[in-house]
Amino acid sequence: MIRTAIPGDVPAIVAMIRELAAYEKAEHEVEATEEHIRRALFCDRPAAFAHIAETDGRTEGFALWFLNFSTWTGAHGIHLEDLYVRPEARGRGHGKALLAELARICTERGYGRLDWSVLDWNTPSIDFYLSLGARPLDEWTGYRLTGDALSRLGA
C-alpha cells in the first residue's frame, strides 16, 4: 500500500535515508535529523513531500519529493529526491508503486515531468527505471555548490 507520509513516519523516513546513504557509500554525509525532516514535511507551507510504502503496518519504502518548474513547458513537475525500498522488501512492487503514485500526481495536477537522478554505478536501479520507460538525460551534467564554495558565492 502507498500512502502519504504522516508525522509518525518521520523516524522511519530518517532511518531509511540513512540506509539509502549507506547503500550509496555516503552515510557519513547525512546531516538530516528527525527534526529537520519533520519541519520540512509538516510545517505550515511544506516544500517537500513524502509517500510511504507499507505492508501489514511495516514501513518498507519511501519516496521524498518536491516541485520543480520548467520554463520551457511553463508547468511544474516533480523532482524525486529519494526513492528507497528496504532490501528485504524489494521485488514486491513497492518501487514501481511509489513511482506510479508520483506519476498519478503529475497527471492529475497537469505537471509535465517526473525527474530524478541515479548514481551511474547503480545498475539495478538504472535497469528498473529503463524498464518503466524512463530515459537518461545524457546531455545534462549536474552541478552543486556546497560548503565553503556556497558560502563564498553567497557572501
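Let us look at the structure shown here. Predicted model only: the values in this text are computed from it and were never measured.

### Some thoughts on the packing of aromatic side chains
1) Next: Evaluated as defined, the whole model comprises four aromatic pairs.
2) Next: Both rings, one in Tyr23 and one in Trp121, keep their centres 5.7 Å apart while their planes meet at 50 degrees; by these two values the pair is tilted. Note that Tyr23 is positioned in helix α1 (residues 10-23) and Trp121 in the loop between β5 (114-116) and α4 (123-131), a separation of 98 residues in sequence.
3) Next: With relative accessibility at 33%, the residue Tyr23 sits in the partly exposed group.

### Regarding unusual backbone geometry
1) Next: Non-glycine residue Lys25 carries a positive phi angle of around 60 degrees.
2) Next: In the Ramachandran plot, Asp56 falls in the positive-phi region, its phi being about 50 degrees despite a non-glycine side chain.
3) Next: Positionally, Asp56 belongs in the loop between β2 (49-55) and β3 (58-70).
4) Next: For Asp56, a relative accessible area of 73% puts it in the exposed group.

### Concerning a nonpolar patch on the surface
1) Next: Together, Tyr23, Leu119 and Trp121 give the surface a local cluster of nonpolar side chains, amounting to about 260 Å² of exposed area.
2) Next: Following the sequence through the fold, Leu119 ends up in the loop between β5 and α4.

### Side note on the packing of α1 against helix α2 (residues 34-42)
1) Next: Running from amino to carboxyl end, α1 crosses α2 at an angle of 115 degrees, the nearest separation of the two axes being 9 Å. In this structure, α1 meets α2 at a crossing whose hand is right-handed. Contacts between α1 and α2 involve Val10, Pro11, Ile13, Val14 and Ile17 from the former and Glu34, Ile37, Arg38, Leu41 and Phe42 from the latter.
2) Next: Per-class residue counts for the contact of α1 with α2 are eight nonpolar, no polar and two charged.

### Considering the pairing of strand β4 (residues 75-85)
1) Next: Of all eleven residues in β4, nine are buried, a share of seventy percent or more.
2) Next: Taken together, the ten bridges between β3 and β4 define a ladder with antiparallel strand orientation. Across the sheet, Phe62 pairs through a bridge with Tyr84, a residue of β4.
3) Next: The hairpin formed by β3 and β4 contains four residues between the paired strands, and Gly74 there has a positive phi angle of roughly 70 degrees.
4) Next: Here three bridges tie β4 to β5, and the two strands are oriented parallel to one another. Among the inter-strand pairings, His79 is bridged to a residue of β5, identified as Asp115.
5) Next: Running through helix α3 (residues 94-109), the crossover from β4 to the neighbouring parallel element β5 is right-handed.

### Points about the sheet that holds strand β1 (residues 2-4)
1) Next: With respect to topology, five strands assemble into an open sheet ordered β1-β2-β3-β4-β5, the strand pairing being mixed. The two strands at the open ends of the sheet, each matched to only one other strand, are β1 and β5. Strand after strand, the sheet turns through a mean of 35 degrees between neighbouring axes, direction not considered.
2) Next: The pairing of β2 with β3 spans seven bridges and is classified as antiparallel. Among the inter-strand pairings, His51 is bridged to a residue of β3, identified as Ala63.
3) Next: Running over the sheet, α3 touches β1, β2, β3, β4 and β5 and is turned about 170 degrees from β4.

### Here we look at the side chain of His51
1) Next: Tracing the backbone through its elements, the reader meets His51 in strand β2.
2) Next: Within the structure, His51 has its side chain in polar contact with the side chain of Trp65 (distance 3.2 Å).
3) Next: Setting aside residues no more than four positions away along its own chain, His51 makes contact with Ile2, Arg3, Thr4, Ala5, Gly61, Phe62, Ala63, Trp65, Leu98, Glu101, Leu102 and Ile105.

Rules used in this analysis
- Residues numbered from 1 in each chain as written.
- Predicted model: local features only at pLDDT ≥ 70, side-chain atom pairs only at ≥ 80, totals over all residues.
- Heavy atoms only, no water.
- Phe/Tyr/Trp six-rings, centres within 6.5 Å; stacked < 30°, edge-to-face > 60°.
- Helix = DSSP H or I, 4+ residues; strand = E, 2+ residues; numbered from the N terminus.
- Buried < 20%, exposed > 50% of the residue type's maximum accessible area, 1.4 Å probe, protein only.
- Patch = residues over 30% accessible without salt bridge, like charges linked within 9 Å, V, L, I, M, F, W, Y side chains within 5 Å.
- Areas by Shrake-Rupley, 256 points an atom, 1.4 Å probe, with all protein chains shown as cover.
- Salt bridge = Lys/Arg side-chain N within 4 Å of Asp/Glu carboxyl O.
- Axes fitted to C-alpha atoms, helices over the stretch in contact; angles between N-to-C directions.
- Left-handed = near helix turned anticlockwise from the far one by under 90°.
- Contact = heavy atoms within 4.5 Å.
- Nonpolar A, V, L, I, M, F, W, Y, C, P; charged D, E, K, R; others polar.
- Pairing = 2+ DSSP bridges.
- Right-handed = clockwise from strand over helix to strand, strands pointing away.
- Polar contact = N/O pair within 3.5 Å; in protein donor to acceptor, adjacent residues only side chain to side chain.

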